[in-house]
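The primary structure of each chain is shown beneath.
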Amino acid sequence: MPIIAPSILSADFADLSKTFHMLNNSEADWIHLDIMDGNFVPNISFGMPVIKSLRKLTNKVFDAHLMIEQPERYLHNFKVIGVDVLTVHYETQVHLNRTVDMTKRIGMKAGVALNPHTPVSFLQDIIQDLDVVLIMSVNPGFSGQKFIEHTYQKIAEAKNLIEKTGSKAMIQVDGGVNDQNAPKLVQAGADILVAASYIFNSQNPLKAIKTLKESSLQSF
Ligand code: DX5
Ligand code: ZN
């Protein structure tokens, strides 16, 4: 079954305690934290003080998706506030090898995210060092956008690269994920599904998480 990582970007920020109570009672495995700086992406979300407070509300894995320029400046800070998996964007990096190495040495799992236009093949010389490959299925910056269909092909390419090199990396998909495309994403090779609006805009977020979790069992 896929790992489900609800992104709290679509949650009610005035009532995050209630959100985390729901998440703790759900089948969510990871909590996806979208960090935006208003430079790399045209939006600003939330940052370290918020994550530090949220850390007290759950024992679930904190999966930080950094949509910020020069994320390497803050690796230690994210570790200290309790982030478990730290993903930087390929497009922000000059010395990606150094950033990944440092992330792991500090004691976090290391992920690299690819924008929709960035080829999977750009990871061929680093794939063996990665814990997570994050394939963006929308342009990063906002929740609630339309899923880009080309993503299936990129997942298949990532799966191929991982198998060919013997890498242990997991494939994560982020953007426009819902109960309709989830079975096909899992079938293509996705290990981790991120979803914000599908979960938090639904009548029953707990049930939406369960439905995504069981998506690999459904046919399409
Ligand atoms: C987009 C973020 C996503 C976003 C997903 O920049 O990285 O994690 O919250 O939102 P949905 O699932 O609504 O597309
Ligand atoms: Zn994200």
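What counts and how
Residue numbering note: each chain is counted from 1, following its sequence as written. Naming scheme: in the order in which they are written, chains are lettered from A and ligands are numbered from 1. Only residues with pLDDT of at least 70 are given local features in this predicted model, and only at 80 or more are side-chain atom pairs given and counted; all residues enter the totals for whole chains, interfaces and linings. Only hydrogens and water are set aside; all other atoms, that is, all heavy atoms of the structure, feed into the side-chain values. When at least one non-hydrogen atom of a residue lies within 4 Å of a molecule or strand, that residue is treated as near it. Whenever a nitrogen or oxygen atom comes within 3.5 Å of another N or O atom, the pair is scored as a polar contact, on the condition that within protein one atom can donate a hydrogen and the other can accept it, and that pairs from neighbouring residues in sequence are kept only if both atoms are in side chains. Exposure was quantified through the Shrake-Rupley algorithm and a 1.4 Å probe, taking into account, for residues, occlusion by the shown protein chains and nothing else. The working definition used for a salt bridge is a side-chain nitrogen of Lys or Arg within 4 Å of a carboxyl oxygen of Asp or Glu. Helical segments are the DSSP runs of H or I of at least four residues, strand segments are the runs of E of at least two, and each set is numbered from the N terminus. Listed donors are limited to N, O and S atoms within 2.8 Å of the metal, widened to 3.2 Å for Na, K and Ca; water is not among them, so incomplete-looking sites are possible. Geometry is assigned from the angles between donors: four donors with all angles from 85 to 135 degrees make a tetrahedral site, four or six donors whose opposite pairs exceed 155 degrees while the rest stay between 65 and 115 make square planar or octahedral sites respectively, and everything else is labelled irregular. For each residue, the accessible area found with a 1.4 Å probe, counting protein chains only, is set against the maximum for its type, and the residue is called buried under 20%, exposed over 50%, and partly exposed in between. The criterion for strand pairing is that DSSP finds at least two bridges linking the strands in question. As a rule, the C-alpha atoms of each element are fitted with a line to give its axis, helices using only the stretch in contact, and angles between N-to-C directions run from 0 to 180 degrees. Contacts are assigned to residue pairs with any non-hydrogen atoms lying within 4.5 Å of each other. By construction, the arc corresponds to the directions joining the helix axis to the C-beta atoms. Throughout this description, the term nonpolar core refers to a set of buried Ala, Val, Leu, Ile, Met, Phe, Trp, Tyr and Cys residues connected via side-chain atoms within 4.5 Å. By convention, a crossover is right-handed whenever its connection, traced from the first strand over the helix to the second and viewed with the strands pointing away, goes clockwise.

**A few points about the site of ligand 1**
Next up, step 1: Close to ligand 1 lie 20 residues, the nearest being Gly141, Gly144, Asp174, Gly176 and Ser197.
Next up, step 2: At 2.8 Å, a backbone N or O of Ala196 approaches an oxygen atom of ligand 1.
Next up, step 3: One of the side-chain nitrogen or oxygen atoms of Ser197 is found 2.5 Å away from an oxygen atom of ligand 1.
Next up, step 4: The protein chains hide 100% of the 380 Å² of surface that ligand 1 would expose on its own.

**Overview of the pattern of salt bridges**
Next up, step 1: Tallying each qualifying case throughout the model produces 5 salt bridges.
Next up, step 2: For Asp29, the salt bridge is made with Lys213, and the minimal N-O distance between the two is 2.8 Å. Of the two residues, Asp29 is situated in the loop between α1 (16-24) and β2 (30-36) and Lys213 in helix α8 (residues 205-213); the sequence distance between them amounts to 184 residues.
Next up, step 3: For Asp84, the salt bridge goes to Arg55, with nearest N and O atoms at 3.2 Å. In this pair, Asp84 is assigned in the loop between α3 (75-80) and β4 (85-89) and Arg55 in the loop between α2 (48-54) and β3 (61-67), connecting sequence segments 29 residues apart.
Next up, step 4: In this structure, a network of salt bridges that share partners links the residues Glu27, Lys210 and Glu214.

**A look at the coordination of the zinc ion (ligand 2)**
Six octahedral donors around a metal ideally sit at 90 or 180 degrees from one another, while four tetrahedral donors ideally sit at 109.5 degrees.
Next up, step 1: Within the first shell, the zinc ion (ligand 2) binds the protein through His32 (NE2), Asp34 (OD), His65 (ND1) and Asp174 (OD), at distances of 2.1 to 2.3 Å.
Next up, step 2: Each of the 6 donor atoms around the zinc ion (ligand 2) contributes to a set of angles spanning 71 to 170°, which defines the coordination as octahedral.
Next up, step 3: Here the donor residues for the zinc ion (ligand 2) map to a single chain with the spacing H-x1-D-x30-H-x108-D. Taken together, the positions of Asp34 in strand β2 and Asp174 in strand β7 (residues 170-174) put the pair 140 residues apart, joining distant regions of the chain.
Next up, step 4: Accessibility expressed as a relative area gives 9% for Asp174, which makes it buried.

**Examining the sheet that holds strand β8 (residues 192-195)**
Next up, step 1: Read across the open sheet, the 8 strands follow the order β1-β8-β7-β6-β5-β4-β3-β2; overall the sheet is parallel. Of all strands in the sheet, those bounded by a partner on one side alone are β1 (3-6) and β2. The average angle at which neighbouring strand axes cross in this sheet is 20°, direction not considered.
Next up, step 2: Relative to strand β5 (residues 109-114), β4 runs parallel, the two sharing 5 bridges. Its bridge partner lying in β5, Val85 is registered against Lys109.
Next up, step 3: Set on the sheet, α8 makes contact with β1 and β8; between it and β1 the angle comes to about 145°.

**So, helix α4 (residues 96-106)**
Next up, step 1: Those residues of α4 that sit buried are Leu96, Thr99, Val100, Thr103 and Ile106. One face of α4 carries all of its buried residues, which in axial projection span an arc of 135°. Relative to its buried face, α4 has exposed residues pointing more than 90 degrees away, namely Arg98 and Arg105.
Next up, step 2: Where α4 is buried, its residues meet α3, β4 and β5.
Next up, step 3: One or two residues past the end of α4 sits Gly107, with phi positive at roughly 110°.

**Description of the nonpolar core**
Next up, step 1: If you look at the biggest cluster of nonpolar residues, it comprises 61 residues, and the most contacted ones within it are Ile8, Leu23, Ile51 and Leu185.
Next up, step 2: With 5 residues, helix α5 (residues 151-165) is the largest single contributor of residues to this core.
Next up, step 3: Judged by nonpolar contacts, the second largest core, of 7 residues, contains Ile3, Val85, Val132 and Ile192.

**Quick word on the pairing of β2**
Next up, step 1: Among the 7 residues in β2, 7 count as buried, and that is most of the element.
Next up, step 2: Side-chain alternation along β2 places Trp30, His32, Asp34 and Met36 on one buried face and Ile31, Leu33 and Ile35 on a second face that is also buried.
Next up, step 3: Pairing of β2 with β3 involves 7 bridges; the strand directions are parallel. The residue bridging Met36 from the neighbouring strand is Met67, located in β3.
Next up, step 4: In this fold, β2 hands off to α2, which returns the chain to β3; that crossover is right-handed.

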